[in-house]
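Residues per chain are reported as follows:
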Protein chains: 2
Amino acid sequence: MALNLTAQRVTLISLGVDDIERSSAFYAALGWQAAETLPEVRFYRLRGLMLGLIGMDALATDQGRPGIRLGTGAMTLAQNYLSPDEVDGAFAAAVAAGAVVLKEPANAYWGGYSGYFADPDGHVWEVAYNPFWPLDSEGYLAEADG
Amino acid sequence: MALNLTAQRVTLISLGVDDIERSSAFYAALGWQAAETLPEVRFYRLRGLMLGLIGMDALATDQGRPGIRLGTGAMTLAQNYLSPDEVDGAFAAAVAAGAVVLKEPANAYWGGYSGYFADPDGHVWEVAYNPFWPLDSEGYLAEADG
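Residues numbered from 1 in each chain as written. Chains lettered and ligands numbered in written order. Predicted model: local features only at pLDDT ≥ 70, side-chain atom pairs only at ≥ 80, totals over all residues.

## Considerations on the sheet that holds strand 4 (residues 50-55) of chain B
Move 1: What the eight strands build is an open sheet, ordered 6(A)-7(A)-8(A)-5(A)-1(B)-4(B)-3(B)-2(B); its pairing is mixed. Two strands in the sheet have a free side with no partner beyond their single neighbour: strand 6 (100-107) of chain A together with strand 2 (36-38) of chain B. The sheet shows a mean angle of 15 degrees between the axes of neighbouring strands, taken without regard to direction.
Move 2: As paired strands, strand 3 (residues 41-45) of chain B and strand 4 of chain B are joined by five bridges and run antiparallel to one another. Paired with Y44 of chain B across the two strands is L51 of chain B, which belongs to strand 4 of chain B. (Pairing = 2+ DSSP bridges. Helix = DSSP H or I, 4+ residues; strand = E, 2+ residues; numbered from the N terminus. Axes fitted to C-alpha atoms, helices over the stretch in contact; angles between N-to-C directions.)

This is how it looks when you write it as C-alpha cells:
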C-alpha cells in the first residue's frame, strides 16, 4: 500500500495549550475521553483522526521554532448538527463546561444557524446547523452524491 | 436521528486567509480540488469533513469579533504517512507548492519521523510517519482494536 502524497486528508489536529490539566478538564467536562494520556499530551480519537492537546511551548519546539509565542483564532473547528435546537444544546453544554462565549447561536447569512465559543486557550469552535450539508448517522458529512 | 451533543467530532476545519486567490493557488498546486467555490470561500472535501479557506476578516466577523487580528500557529494539522520516504515526498511536494519550511523532516523524540511547513498564511502542517498509529487504505487512522 502507498498513499497519495498530496491527498486532501487530515489525521491529526493539535491544539497548543498553556495548562494541560486546565484544558483536559474542559474537554472532560464536555464528556470527551482521552485515548492516550501522556504527561503533557492528550489524544482524543475522532473518526479516522485524532485531536491532540499539547503544551504550547512543546508545540512551538516541535514546529522547529522554540520560544515563539503561537497565535490562536485563525483556524477554527466546527461541529455540524441536525437542527438549531441541537446547536443550542451543544452550545449550552460547552458554556456549562467553561467555554468563553464569542457569539451566541443565531441565524447565519449563509442560510444556517451557528454560534462560536472559545476553549480555555482561545481555540475557536463553531457549532452549526447547515441545511446544505447532510450528515450521516455518526454526525460526519455524508458522502457527496455526485 | 439525533446526535450526541458532546461527541468527539469535527466536521469543518476553517483556515483564515489574507488572500483567497493566493491561498487557493497554494492548495491547488498541491493538487487539491475545491468542492465548493464562492468569491471569498473555498471548501475542500476530506473524508467526513470539510477543510475551508475563508477571508481572515470574514472569519473574525463570523466569530463575533470583527476587527480582531486572528493569530495562527497554535493549532496544527497533520497528515500521517506509511514511511519516512513518503514523509519526505509529501514534504517536497509542499515545498514545491510554495510552503515555508519550518522544520525539515527528521527523526522525532516520540519514535516517528516528522517535518513541519507553513502555508501562505502561517497555518502549520505536519507530515509524519508514526509507527504506532496504523492507517487504513485511504490514509485515515485505522479503527482501534480495543
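Now, onward.
## Quick notes on the environment of P134 of chain A
Move 1: Tracing the backbone through its elements, the reader meets P134 of chain A in the segment after strand 8 (124-129).
Move 2: It is 8.4 Å that separates the C-alpha atoms of P134 of chain A and L82 of chain A, two residues lying 52 residues apart in sequence.

## Some details on the domain arrangement of chain A
Residue and element names in this part refer to chain A.
Move 1: Per the domain assignment, the segments making up chain A are domain 1 (1-71) and domain 2 (72-146).
Move 2: Each of domain 1 and domain 2 was reduced to a C-alpha centroid, and the two centroids are 20 Å apart.
Move 3: Of all the secondary-structure elements, those providing two or more residues to the side of domain 1 that touches domain 2 are strand 1 (12-17) and helix 1 (20-29).
Move 4: Here the side of domain 1 that touches domain 2 is composed, by residue class, of six nonpolar, three polar and three charged. (Domains from an automatic or database assignment. Nonpolar A, V, L, I, M, F, W, Y, C, P; charged D, E, K, R; others polar.)

## So, the sheet that holds strand 2 (residues 36-38) of chain A
Move 1: Across the sheet, which stays open at both edges, the eight strands sit in the order 2(A)-3(A)-4(A)-1(A)-5(B)-8(B)-7(B)-6(B) with mixed pairing between neighbours. Whereas interior strands pair on both sides, the edge strands pair on one side only; in this sheet they are strand 2 of chain A together with strand 6 (100-107) of chain B. The sheet shows a mean angle of 15 degrees between the axes of neighbouring strands, direction not considered.
Move 2: Of the strands in this sheet, strand 1, strand 3 (41-45) and strand 4 (50-55) of chain A touch helix 1 of chain A, which is tilted by about 150 degrees from strand 4 of chain A. (Contact = placed C-beta atoms within 7 Å.)

## Some details on helix 3 (residues 84-96) of chain A
Residue and element names in this part refer to chain A.
Move 1: The end-to-end C-alpha distance of helix 3, which contains 13 residues, comes to 18 Å, matching closely the 18 Å that a straight helix rising 1.5 Å per residue would cover.
Move 2: All buried positions along helix 3 are accounted for by E86, V87, A90, F91 and A94. For helix 3, the angular spread of buried residues about the axis comes to 135 degrees, placing them on one side.
Move 3: If you follow the buried residues of helix 3, they end up packed against strand 5 (75-81), strand 6, strand 7 (113-118) and strand 8.
Move 4: At the C-terminal side of helix 3, G98 shows a positive phi close to 110 degrees. (Expected span 1.5 Å × (residues − 1). Buried ≥ 20, exposed ≤ 12 C-beta atoms within 10 Å, placed from the backbone. Arc of directions from axis to C-beta.)

## Let's talk about helix 1 (residues 20-29) of chain B
Residues spaced three or four apart along an α-helix point in a common direction, a consequence of the helix completing one turn every 3.6 residues.
Residue and element names in this part refer to chain B.
Move 1: Among all positions in helix 1, only S23, F26 and Y27 are buried. Take helix 1 and look down its axis: the buried residues cluster within an arc of 90 degrees, on one side only.
Move 2: Buried residues along helix 1 sit in contact with strand 1 (12-17), strand 3 and strand 4.

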